[in-house]
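Fold and contact review
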Amino acid sequence: MNGFRRLLAASVATFGLLTSAQTVIAAETPIHFADLNWESGSLITDVLRIIVEKGYGLPTDTLPGTTITLETALANNDIQVIGEEWAGRSPVWVKAEAEGKVVSLGDTVKGATEGWWVPEYVIKGDPAKGIKPLAPDLRSVSDLKKYKDVFKDPENPSKGRFLNSPIGWTSEVVNKQKLTAYGLQDDFTNFRSGSGAALDAEISSSIRRGKPVLFYYWSPTPLLGKFKLVQLEEPPFDAEAWKTLTDADNPNPKPTRSLASKLSIGVSTPFQKQYPQITAFFSKVDFPIEPLNKALAEMSEKHTAPRDAAVAFMKAHPDVWQAWLPKDVADKVSANL
């Protein structure tokens, strides 16, 4: 009998060790965030990661990819979180959402926008810098035909140059289709930079030299925190026309401004079910756009790593992120910043 008890005790102890080991392994499985390659996306992602790590005690990591591949990975639960999701813009997201595989949480940056922009001095000039207005009547995309020489493409001087998003972004497809929809495909080169950083560098270089430049851009971004820019007017939004712009293979795209911007946090449905406390926090995230733009501008100017910029933002604006969290969680994060 005593031998049986010793065997039973040993079995229970062994089971306990195995269970404990399995729990540790499960606990160490990180939450996979999308590694977003634009400034606002990377800063917001690191703010979220810091809170998840320090406030909820869960490990995280990031996985790279294009917008489309990351949305596909989210639908498959290969990643669990996209920190800055422009929900409803790509067919991949729309399909995954309709199938109940992904969910968008919150309204994270109110006042976000996207479109086609030029520096203010192109329209108004800048007497202090000796810059004369080169396109004084430029107001909308319909005016661009008569100003193609202002935005001359150095590699093809018979055309203007339009700086599009990098290949792989949903907006790159939309802008390519817009060039056709606005009848500008023969007047402007569709120029794609290799990355968001390369796009920023080309725009910033042109502005610092006082040169005219026409480009796609969005807010929140460092550029809108640093430079005076003018967004060109586009036709009113039309849902059916929008479908033709998001379809890269549509031969007859229709003109419309982009779908109204709503930034949210995209999560996989399994993640939402597994982590209700974190999804409740994600639903409350709200970055005021002016402080965010300024933080992004400083991050860009000082070449600050996103993680460091996220910590600096959180230290400068504790009232912002603490409002998203229960007090005990906020206290843990504060103690670990």
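Below you will find a few notes about this structure. (Residues numbered from 1 in each chain as written. Predicted model: local features only at pLDDT ≥ 70, side-chain atom pairs only at ≥ 80, totals over all residues. Heavy atoms only, no water.)

With that out of the way, let us pick up the overall build of the protein chain. Helix and strand counts for the protein chain stand at 15 helices and eleven strands. On the principal axes, the C-alpha backbone points of the protein chain span a range of 100 × 45 × 30 Å. Relative to its full complement of 337 residues, the protein chain shows a buried share of 47%. Partitioning the contacts of the protein chain with sequence separation of at least 6, the portion at a separation of at least 24 is 71%. Counting every atom, the protein chain has about 16100 Å² of accessible surface; 55% of that belongs to carbon and sulfur. Separation between the mean location of the 38 positive side-chain charges and that of the 40 negative ones in the protein chain comes to 2 Å. (Helix = DSSP H or I, 4+ residues; strand = E, 2+ residues; numbered from the N terminus. Buried < 20%, exposed > 50% of the residue type's maximum accessible area, 1.4 Å probe, protein only. Contact = heavy atoms within 4.5 Å. Areas by Shrake-Rupley, 256 points an atom, 1.4 Å probe, with all protein chains shown as cover. Lys, Arg positive; Asp, Glu negative; His and termini not counted. Charge placed at Lys NZ, Arg CZ, Asp CG, Glu CD.)

This brings us to the packing of helix α2 (residues 39-56) against helix α15 (residues 327-336). When two helices pack together, their arrangement is given by the angle between the helix axes and by the axis-to-axis distance. Axis separation between α2 and α15 bottoms out at 8 Å; the angle between their running directions is 105 degrees. With respect to α15, the element α2 is oriented roughly perpendicular. Along the contact surface, α2 presents I51, K54, G55 and Y56, while α15 presents V329, K332, V333 and N336. Within the contact of α2 with α15, the residues separate by chemical class into four nonpolar, two polar and two charged. (Axes fitted to C-alpha atoms, helices over the stretch in contact; angles between N-to-C directions. Parallel < 35°, antiparallel > 145°, perpendicular 65-115°, else oblique. Nonpolar A, V, L, I, M, F, W, Y, C, P; charged D, E, K, R; others polar.)

Before going further, it helps to spend a moment on the pattern of salt bridges. Counting across every chain of the model gives 18 salt bridges. With a closest N to O distance of 2.8 Å, K95 and E99 form a salt bridge. Since its relative accessible area comes to 41%, E99 is described here as partly exposed. For the salt bridge of E172 with R192, the shortest nitrogen-to-oxygen distance reads 2.7 Å. Of this pair, E172 sits in helix α6 (residues 170-181) while R192 sits in strand β8 (residues 188-192); the two residues are 20 residues apart in sequence, bridging distant segments of the chain. (Salt bridge = Lys/Arg side-chain N within 4 Å of Asp/Glu carboxyl O.)

We now examine the packing of aromatic side chains. By the definition in use, this model includes 15 aromatic pairs. Here a set of aromatic residues connected by ring pairs shows up, and it is made of Y56, F271, Y275, F281, F282, F287, F313 and W324. (Phe/Tyr/Trp six-rings, centres within 6.5 Å; stacked < 30°, edge-to-face > 60°.)

Attention now moves to the packing of α2 against helix α11 (residues 276-284). Two numbers describe how α2 lies on α11: the axes approach to 12 Å, and their chain directions differ by 140 degrees. As far as their axial angle goes, α11 and α2 are oblique. When you trace α2 past α11, the crossing you get is right-handed. Seen from α2, the contacting residues are L48, I51, V52 and Y56; seen from α11, they are Q277, I278, F281 and F282. (Left-handed = near helix turned anticlockwise from the far one by under 90°.)

To continue, consider the nonpolar core. Counting 88 residues, the largest nonpolar core has I51, L144, F151, F281, F282, W324 and L325 as the members making the most contacts within it. For this core, the element with the highest residue contribution is α2, accounting for eight residues. Discounting residues that sit within four places of it in the chain, F151 has contacts with V118, V122, L138, L144, K159, G160, R161, F188, P212, V213 and L214. (Core = buried A, V, L, I, M, F, W, Y, C linked by side-chain atoms within 4.5 Å.)

Once that is clear, we can look at α15. Those residues of α15 not exposed but buried are V329, A330 and V333. Buried residues of α15 fall within an arc of 100 degrees about the axis and therefore sit on the same side. Structural note: α15 exposes K327 and A335 on the side pointing more than 90 degrees away from its buried face. As for α15, its buried residues are in contact with α2, α13 (306-316) and α14 (318-322). (Arc of directions from axis to C-beta.)

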